[in-house]
Amino acid sequence: METIEVKGANGERLLYDGATVAKFRHNGMDEAARNPVSTYREIRVTHKPAKRGRPGHYEVLLAMASFMSLTVEETEKPRLDAFVAALERSKA
């Protein structure tokens, strides 16, 4: 089983382990939510381009048994793409 971790801009992260998706806060110290992959409904990724000296980022909204959100820096885009692809494969 593949494990994919997407690190957020503010110390949060999403972890996909093939069976569940978990959200951690405080640099991985606090598990905020864990949902089975079978409850996956939809993921929305919105790109926010850089402006006024602030770097560009992606806003992620994940709908499962609960909603999870994460702000991801542009450098994490390859992992984010792998995360989305893994979730979409699980839905099929």
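Residues numbered from 1 in each chain as written. Predicted model: local features only at pLDDT ≥ 70, side-chain atom pairs only at ≥ 80, totals over all residues. Heavy atoms only, no water.

Chemist: Describe the nonpolar core, and please don't skip the residues or the numbers.
Modeler: In this structure, Val6, Tyr16, Val21, Ile43, Leu62, Phe83 and Leu87 are the most contacted members of the largest nonpolar core, which totals 20 residues. Listed by contribution, the elements that provide at least two residues to this core are strand E1 (4-7), strand E2 (13-16), strand E6 (57-63), strand E7 (67-73) and helix H1 (77-91). Among the elements that take part in this core, H1 stands out by supplying five residues, more than any other. Among residues more than four places away in sequence, those in contact with Val21 are Leu15, Tyr16, Ala33, Arg34, Asn35, Val37, Leu62, Met64, Met68, Phe83 and Leu87. (Core = buried A, V, L, I, M, F, W, Y, C linked by side-chain atoms within 4.5 Å. Buried < 20%, exposed > 50% of the residue type's maximum accessible area, 1.4 Å probe, protein only. Helix = DSSP H or I, 4+ residues; strand = E, 2+ residues; numbered from the N terminus. Contact = heavy atoms within 4.5 Å.)

Chemist: Quick rundown of the pairing of strand E3 (residues 20-25)? Include the residues and the values.
Modeler: Burial analysis of E3 places five of its six residues in the buried class, which makes it a mostly covered element. In the sheet, E2 pairs with E3 via four bridges, with the strands oriented antiparallel. Along E3, the bridge assignment pairs Leu14 with Lys23. Where E2 hands over to E3, the hairpin turn is made up of three residues, of which Gly18 adopts a positive phi near 100°. Relative to strand E4 (residues 30-36), E3 runs antiparallel, the two being bridged by six bridges. (Pairing = 2+ DSSP bridges.)

Chemist: I'd like a rundown of the environment of Thr75, residues and numbers included.
Modeler: Of note, Thr75 is situated in the loop between E7 and H1. Considering only alpha carbons, one finds Thr75 and Gly56, 19 residues apart in sequence, at a separation of 9.5 Å.

Chemist: Now, about the pattern of salt bridges: what can you tell me, with residues and values included?
Modeler: With the rule as written, the count across this model stands at eight salt bridges. The partner of Glu12 in a salt bridge is Lys23, and the shortest N-O contact between them spans 3.4 Å. Of this pair, Glu12 sits in the loop between E1 and E2 while Lys23 sits in strand E3, and the two are eleven residues apart along the sequence. There is no split in this pair, since Glu12 and Lys23 are both buried. Arg44 serves as the salt-bridge partner of Glu42, at 2.9 Å between the closest nitrogen and oxygen. One salt-bridge network, in which partners are shared between bridges, spans Glu12, Lys23 and Arg25. (Salt bridge = Lys/Arg side-chain N within 4 Å of Asp/Glu carboxyl O.)

Chemist: Talk me through H1; I want residue IDs and the actual numbers.
Modeler: Between its first and last C-alpha atoms H1 spans 21 Å; for 15 residues at 1.5 Å apiece the expected length is 21 Å, and the two agree. For H1, the set of buried residues is Leu80, Phe83, Val84, Ala86 and Leu87. Angular distribution of buried residues about the axis of H1 spans 160°; they occupy a single face of the element. Away from its buried face, by an angle of more than 90 degrees, H1 presents the exposed residues Pro78 and Arg89. (Expected span 1.5 Å × (residues − 1). Arc of directions from axis to C-beta.)

That is the geometry; function is a separate question.
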